[in-house]
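# Descriptive structure summary
Residue strings, one per chain:
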Amino acid sequence: SGSSFRLPAATSVTVLTVLSVFYAAYLFSQLAYFFSAFSGFLPENYSFTASEYARRGFFELCAVAGINLCVIVFCVCAAKRDKSGRVPLPVRLLSLPVCLFSAVFAVTALSKMFLYIDSFGLTRLRLMTSVFMAALLLIFAGAAVYMFRPGFPVIKYAVTVLACIAVASGYCDIDRTIARCNTQWYTSEKLSEIDVNHLSGLSDSAVPYMALLLDSKDKDVSEQAAKALYSRAEKLFVIEKDSIAGSRKNGFSEYNYSREKAKEIIEERFDEIISLLPEPQEEKNCLTEYF
């Protein structure tokens, strides 16, 4: 029968206990490494940069989440049921610390990423990585609920969480969010520098925020913004002798509000853009490290 292939509860308990003890020992031996990001600083006595710290946190979380999900599913599915047909209580209780440690890894990995973002601003990859880690945190929370409420639809819950995050990510316009946050943080001096070249690679929804950088007191930033906006103008308009001769024709299917708004802003400030363009010999490249 199918029950002959089930593991004794003691086996699942042993596996979960060993895993929990290992995680507890590992976390306590590396407290500064895991939790220093909450204070806004890199851990002492480590030589890596903020980007390396964030990368390590992300890949550690992926490894831990993958292992823990496999272990929990195996122990819960393979364990012999009790008389009521449920997973034995010791197995369910010891699954909670595994879920808890997964949540701790997720939170610490997010803190490392936020430290990196605070230092260098947002990019698509940094933002979507953060969203992914938050999704893992919610999924493990659902797994913990399932341990004591067998009727809880954990699979539907996980799918719903991922679907809601996907819809929210599309609705908020990621490129506009990145451009808005980076520009606001730079103008408020939360960021000491801003990567205009990265903003120029975003969609037309970033143009209103790039235009704000034309007023920057830093000449390099205003020149880089002017250069990026002029390149965008060449894609949106027909330019003759440093003036806009007309708009490039787009089909009805290519229309979108962000593009029309970008055209309006560029056309309004085109003379200013031209006046701020750097001389060829003065052009500079201000790339920063991407995640």
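What comes next concerns the included structure. As the structure is a prediction and not an experimental result, all values here were calculated from the model.

This next bit is on the nonpolar core. Membership of the largest hydrophobic core comes to 72 residues, with the highest contact counts inside it found for Leu-213, Leu-229 and Ile-266. Considering each element in turn, this core owes the most residues, 12 residues, to helix α4 (residues 89-120).

Another aspect to go through is the pairing of strand β1 (residues 237-240). Here β1 pairs with strand β2 (residues 243-247) via four bridges, running antiparallel. If you follow Glu-240 over to β2, its bridge partner there is Ser-243. Counted along the chain from β1 to the antiparallel partner β2, the turn is two residues long, and its residue Lys-241 has a positive phi close to 55 degrees.

This part is about the environment of Leu-277. Positionally, Leu-277 belongs in the segment after α12 (270-276). Its relative accessible area of 25% is what places Leu-277 among the partly exposed residues. Leu-277 sits 49 residues away from Ala-228 along the chain, and the two C-alpha atoms are 9.4 Å apart. Excluding residues that lie within four positions of it along the chain, Leu-277 makes contacts with Ala-226, Lys-227 and Tyr-230.

Bringing a nonpolar patch on the surface into the picture now. Where nonpolar side chains cluster on the molecular surface, the patch consists of Phe-28, Leu-31, Phe-35, Phe-38 and Val-107 and spans about 480 Å² of accessible area. Examined against the element boundaries, Phe-28 turns out to sit in helix α1 (residues 9-29). For Phe-28, a relative accessible area of 63% puts it in the exposed group.

With that out of the way, let us pick up the packing of aromatic side chains. Tallied over the full model, the rule gives 14 aromatic pairs. Each ring, one from Tyr-26 and one from Phe-34, has its centre 5.4 Å from the other, and the planes form 80 degrees; the classification is edge-to-face. Taken together, a centroid distance of 6.0 Å and an interplanar angle of 20 degrees make the contact between Phe-35 and Phe-38 stacked. Assessed through its relative accessible area of 32%, Phe-35 is described here as partly exposed. An aromatic cluster of at least three residues, connected via ring pairs, comprises Phe-22, Tyr-23, Tyr-26, Tyr-33, Phe-34, Tyr-53, Phe-101 and Phe-105. The ring of Trp-185 has Lys-190 lying over it, and the distance from NZ or CZ to the ring centre is 4.5 Å.

Assignment of secondary structure puts Ser-95 in helix α4. Among the polar contacts listed, one links the side chain of Ser-95 to the backbone oxygen of Val-91, at a separation of 2.8 Å.

Quick look at the pattern of salt bridges now. Under the definition given, this model contains 11 salt bridges. One salt bridge connects Arg-124 with Asp-175, and the closest N-O pair in it is separated by 2.8 Å. Of this pair, Arg-124 sits in helix α5 (residues 124-148) while Asp-175 sits in helix α7 (residues 174-187), placing them 51 residues apart in sequence. Assessed through its relative accessible area of 38%, Arg-124 is described here as partly exposed. Glu-223 serves as the salt-bridge partner of Lys-219, at 3.8 Å between the closest nitrogen and oxygen. Here Lys-219 pairs with Glu-223, and both are found in helix α10 (residues 219-236), just four residues apart, close to one helical turn. Residue classification places Lys-219 among the exposed residues on the basis of a relative accessible area of 52%.

With that out of the way, let us pick up the packing of α10 against helix α11 (residues 257-268). In the contact formed by α10 and α11, the axes pass within 10 Å of each other and the chain directions differ by 120 degrees. Taken as a pair, α10 and α11 cross one another with a handedness that is left-handed. Facing Leu-229, Arg-232, Ala-233 and Leu-236 of α10, the residues of α11 in contact are Arg-259, Ala-262, Lys-263 and Ile-266. Among the residues forming the contact of α10 with α11, the class breakdown is five nonpolar, no polar and three charged.

Here the focus is the environment of Leu-127. Mapped onto the elements, Leu-127 comes out in helix α5. Along the sequence, Leu-127 and Thr-177 sit 50 residues apart, while their C-alpha atoms lie 9.5 Å from each other. Contacts of Leu-127, omitting those with residues within four sequence positions, involve Leu-122, Ile-174 and Ile-178.

Reading guide: rules and limits
Residues numbered from 1 in each chain as written. Predicted model: local features only at pLDDT ≥ 70, side-chain atom pairs only at ≥ 80, totals over all residues. Heavy atoms only, no water. Core = buried A, V, L, I, M, F, W, Y, C linked by side-chain atoms within 4.5 Å. Buried < 20%, exposed > 50% of the residue type's maximum accessible area, 1.4 Å probe, protein only. Helix = DSSP H or I, 4+ residues; strand = E, 2+ residues; numbered from the N terminus. Pairing = 2+ DSSP bridges. Contact = heavy atoms within 4.5 Å. Patch = residues over 30% accessible without salt bridge, like charges linked within 9 Å, V, L, I, M, F, W, Y side chains within 5 Å. Areas by Shrake-Rupley, 256 points an atom, 1.4 Å probe, with all protein chains shown as cover. Salt bridge = Lys/Arg side-chain N within 4 Å of Asp/Glu carboxyl O. Phe/Tyr/Trp six-rings, centres within 6.5 Å; stacked < 30°, edge-to-face > 60°. Lys NZ or Arg CZ within 6 Å of the ring centre and 35° of its normal. Polar contact = N/O pair within 3.5 Å; in protein donor to acceptor, adjacent residues only side chain to side chain. Axes fitted to C-alpha atoms, helices over the stretch in contact; angles between N-to-C directions. Left-handed = near helix turned anticlockwise from the far one by under 90°. Nonpolar A, V, L, I, M, F, W, Y, C, P; charged D, E, K, R; others polar.

All quantities given are derived from atomic positions and should not be read as evidence of function.
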